[in-house]
Amino acid sequence: MQRFGDSLARWEKPTAICPQVAGLPRNEGEFVLARLSRIAVAAGAPLGPEHCKANFFVIVTEKPNELLKALEKKHPEMYTDGYYTLVRKFRSSTSPVRVWYNAELYDDYGLRLNVSGSTPSRIAFSSMRDLTSLIMIVDTQRVRESGVTFGQLAAYIAMVGLAELRSDPKIGTAPTILNLFSKSGVQPPSGLSSWDQAYLKALYHTSHKDIMQLAEIKTSVIEDLAP
């Protein structure tokens, strides 16, 4: 989700992606981690080494609200990038998969900035908004009711984890895994579609600083998908 005056948020070095999956049997958790890693590498997103400090938390649970309350009590600092209204919306969400993104502003040298916003010039942002951590809550009951496959769920986790997206993106009939839980009647793909792959590739291969990045992403996706 792009905020006014900010660059699109994405994972950038030195904050490489370090995923951790909880609440699944070991073989299923490793499947999700492997799928996520492959998709991240294909997109060009930075992936941390095998032994790194987790910052990409995927938590699968039958009781999401109770778990979230327990997490907030244990980690009161978990919402480092959000207004109260956004936190409240996240808490009250009934989505099968809900995601909270934390991001911070960095300058051209990779130094963290202690400011709340950036002032772009006509051609470039004065600072870049990089993802630093995320918390993804997967409601097993709602996922089960949706009738999705485990492969589809793993692809969805990767898509919403690599790109900061709105909780209710307006995607219409686009051939994307983001339609997995929508009520549009559109049949979701079995995994990441060519559209999804083109978008992630464009997100991580266009200039993070360029104020025209969104337009460049659109152009890149069209060129990738053109017959």
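All chains use their own residue numbering, which begins from 1 and follows the written sequence. In keeping with the model being predicted, local features are shown solely for residues with a pLDDT of at least 70 and side-chain atom pairs are shown and tallied solely at 80 or more, while totals for entire chains, interfaces and linings include all residues. Hydrogens and water molecules were not included; the side-chain quantities draw on all heavy atoms of the structure.

**Quick notes on the packing of helix α6 (residues 194–205) against helix α7 (residues 213–225)**
Item 1. Here an axis means a line fitted to C-alpha atoms, over the contact stretch when the element is a helix, while the angle between two N-to-C directions is reported on a 0 to 180 degree scale. Working definition: helices are DSSP H or I runs of at least four residues, strands are E runs of at least two. Numbering for both runs from the N terminus. Relative to each other, α6 and α7 sit at 140°, their axes nearing to 9 Å. By the angle class used here, α6 and α7 are oblique. Between α6 and α7 the crossing geometry is right-handed. Along its contact with α6, which presents Ser194, Trp195, Ala198, Tyr199, Lys201, Ala202 and Leu203, the element α7 presents Gln213, Ile217, Ser220, Val221, Asp224 and Leu225.
Item 2. When grouped by side-chain class, the residues that make up the contact of α6 with α7 number eight nonpolar, three polar and two charged. We call two directions roughly parallel when the angle between them is under 35 degrees, roughly antiparallel when it is over 145, roughly perpendicular when it lies between 65 and 115, and oblique otherwise. Each crossing gets its handedness from the near helix: less than a right angle anticlockwise from the far helix is left-handed, clockwise is right-handed. By definition in these notes, contact holds between two residues if any of their heavy atoms fall within 4.5 Å. Residues were grouped as follows: Ala, Val, Leu, Ile, Met, Phe, Trp, Tyr, Cys and Pro as nonpolar; Asp, Glu, Lys and Arg as charged; and all remaining residues, including Gly, as polar.

**Considerations on the pairing of strand β3 (residues 56–61)**
Item 1. The element β3 is largely enclosed, with a buried count of five among its six residues.
Item 2. Here strand β2 (residues 19–22) runs beside β3; their pairing, made up of four bridges, is parallel. Note that in β3 the partner of Gln20 across the bridge is Phe57.
Item 3. Throughout, right-handed denotes a crossover for which the path from the first strand over the helix to the second runs clockwise when the strands point away from the viewer. What joins β2 to β3 is helix α1 (residues 26–43), and the crossover it makes is left-handed.
Item 4. In this structure, β3 lies alongside strand β5 (residues 128–139), joined through six bridges in parallel fashion. Looking at β5, one finds that Ile59 is bridged to Ile137. Exposure categories follow from relative accessible area, calculated using a 1.4 Å probe and restricted to protein chains: below 20% of the type maximum is buried, above 50% is exposed, and the middle band is partly exposed. When DSSP finds two or more bridges between two strands, those strands count as paired.

**Considerations on the nonpolar core**
Item 1. Throughout, nonpolar core names a set of buried Ala, Val, Leu, Ile, Met, Phe, Trp, Tyr and Cys residues whose side chains join them through atoms within 4.5 Å. Phe56, Met136, Leu162 and Leu200 are the most contacted members of the largest nonpolar core, which has 48 residues in total.
Item 2. Of all the secondary-structure elements, those providing two or more residues to this core are α1, β3, β4 (97–106), β5, α5 (150–162), α6 and α7.
Item 3. The element best represented in this core is α5, accounting for nine residues.
Item 4. Beyond its immediate sequence surroundings of up to four residues, Leu162 is in contact with Trp11, Ile17, Leu36, Ile39, Ala40, Ala45, Leu200, Leu203 and Tyr204.
Item 5. Within the second largest apolar cluster, 10 residues are counted, among which are Tyr79, Val87, Phe90 and Trp100.

**As for the state of the cysteines**
Item 1. For the purposes of this analysis, a disulfide is any pair of cysteine sulfur atoms at a distance within 2.5 Å. Going through the model one piece at a time under the given rule, you end up with one disulfide.
Item 2. Covalently, Cys18 is tied to Cys52 through a disulfide, its sulfur atoms 2.0 Å apart. Judged by the sign of its S-S torsion, about 95°, the cystine formed by Cys18 and Cys52 is right-handed. Taken as a pair, Cys18 in the loop between β1 (10–11) and β2 and Cys52 in the loop between α1 and β3 lie far apart in primary sequence, 34 residues in all.

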